[in-house]
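Architecture and fold: a report
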Amino acid sequence: MLTLYLHIPFCKARCSYCDFYLVTRQGLVDPFFRALSLETVARSADLTGTIISAIHFGGGTPSLVPVRLLRGWLDQLRSLCTFAADIEIALEANPEDLTEETMDELRAAGITRLSLGVQSFLPEKLKILGRKHSALESQRVTAGALRTFDSVSVDLICGVPGEDLSMWNADLQTALALYPQHLSVYMLSVEPKTLLHRKIEKGIVTVPDDAVQASMYAVAMREAALHGYTHYELSNFCLPGHHSRYNLSSWKREPYLGFGPSAHSFLVAGEREIRMANVSSLTRYIAAPAHAVVFHEELSAEERFTEQVFLSLRINSGLEVEFLQKENKLGHLVARSIDQFTGKGWTVQHQGLLYLTEKGFLFADYIAAALIFG
Ligand code: SF4
């Protein structure tokens, strides 16, 4: 089984906090899809004979491109490989691009899961994030998506400048009242060179402090659990059976192929694990799509171990303690670290597997680093 990712690098305008690779010139949409078709032909050897369990249209803003172009690529894929009978085909969408008709069209094209970049239901948060949709659109489109698709995910951001705990709670409760099958909650990450970063540097706005951010995350975990969601990954909550198949498979370090500019791929061949990255330039991608891969690296045993520990702790399927002790040069220290974390209420062990507790999720990276590097 294989999963596929397509990076669609177009957005109407850049949001204040975003540092993804994207362009705002829509004139290149058709040339991009022609290049994608050529990249797909060039990589057909990796696709032939495979069964695809999930396809993820990410970006950028996939909902910005005509549905006929998405359908065309899906048709090309179908001629090269087999889609699993219960395939998940997910599309990231911004509320301002969606009408009832577009959603019907997307569904008819084979999209099974809509991932809505809502980010907030509050006008003041949307404004500071530089989002292009209104709070009303967030609600109207989420409700419409839930009528059209069997699986809808809503992305929310917390820790936005000016936000306090009561604002976050109001935002979260609006999302929970709509009851999407999946909820992603991201703590605002202020990336260098973004508009938001510059505003913070100049003291124009300030982000909530660490204690408030930790409380926001704790409220999200508590409320999601009360509404019946499973906390299956650090930032992700779902109703039974509605996890993101593509994301979960990549967190489990299963192979995936990425298409489009700046997309990454991960291939497994026996004991070998290979990471690849496509060129992060739309013009270079369009000029030579058959040579889009510009980075290719086989992971060393240390890199594989590090990835496994970081990723396994993020998801709720646990990390094998025996693996941790055997593969780590500092394996003799692992038991002591685990005891310390368990004493603090950050980890629990069950049947040879180590899990983070809700408190432990707040320190996930610290715990992973301590288990790897001692
Ligand atoms: S819509 Fe998403 S990808 Fe596009 S600029 Fe905003 S955050 Fe970035």
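Residues numbered from 1 in each chain as written. Predicted model: local features only at pLDDT ≥ 70, side-chain atom pairs only at ≥ 80, totals over all residues. Heavy atoms only, no water.

**Description of the overall build of the protein**
For the protein, the count of helices and strands is 16 helices and 15 strands. For 374 residues, the compact-globule estimate of 2.2 N^0.38 gives 21 Å, and the protein sits close to it at 21 Å. Across its three principal directions, the C-alpha atoms of the protein cover 55 × 50 × 45 Å. By the burial criterion, 53% of the 374 residues in the protein qualify as buried. Within the protein, counting contacts between residues at least 6 apart in sequence, those at least 24 apart form 68% of the total. (Helix = DSSP H or I, 4+ residues; strand = E, 2+ residues; numbered from the N terminus. Rg over C-alpha atoms; globule rule 2.2 N^0.38 Å. Buried < 20%, exposed > 50% of the residue type's maximum accessible area, 1.4 Å probe, protein only. Contact = heavy atoms within 4.5 Å.)

**So, the site of the ligand**
Near the ligand you find C11, A13, R14, C15, Y17, C18, F20, L22, G60, T61, N94 and R131, and these make up its full shell. In the shell around the ligand, the residues fall into 7 nonpolar, 3 polar and 2 charged. (Near = heavy atom within 4 Å. Nonpolar A, V, L, I, M, F, W, Y, C, P; charged D, E, K, R; others polar.)

**What about the side chain of S262?**
Tracing the backbone through its elements, the reader meets S262 in the loop between β9 (256-259) and β10 (264-269). For S262, a relative accessible area of 17% puts it in the buried group. Setting aside chain neighbours within four positions, we find S262 in contact with H7, Y21, N278, V279 and S280.

**Quick word on the packing of aromatic side chains**
How two aromatic rings sit relative to each other is given by the distance of their centres and the angle of their planes. Under the defined criterion, the tally for this structure stands at 15 aromatic pairs. Ring geometry for F10 and F32: centres 5.6 Å apart, planes at 80°, overall edge-to-face. Linking F10 in the loop between β1 (2-8) and α1 (29-42) with F32 in helix α1, this pair joins segments that are 22 residues apart in sequence. The pair formed by F10 and F32 is uniform in burial state, with each residue classed as buried. With a centroid separation of 6.1 Å and an interplanar angle of 80°, the aromatic rings of Y246 and Y256 are classed as edge-to-face. With Y246 in helix α10 (residues 245-251) and Y256 in strand β9, this pair connects stretches of sequence that are 10 residues apart. By relative accessible area, Y246 is classed as buried at 8%. (Phe/Tyr/Trp six-rings, centres within 6.5 Å; stacked < 30°, edge-to-face > 60°.)

**Quick look at the nonpolar core**
One broad trend across soluble globular proteins is that nonpolar side chains are buried collectively. Counting 86 residues, the largest nonpolar core has I55, F57, L114 and L183 as its most contacted members. Discounting residues that sit within four places of it in the chain, I55 has contacts with L4, W73, L74, L77, F83, I87, E88, I89 and A90. Listed in part, the 12 residues of the second largest apolar core include C18, L22, I128 and V160. (Core = buried A, V, L, I, M, F, W, Y, C linked by side-chain atoms within 4.5 Å.)

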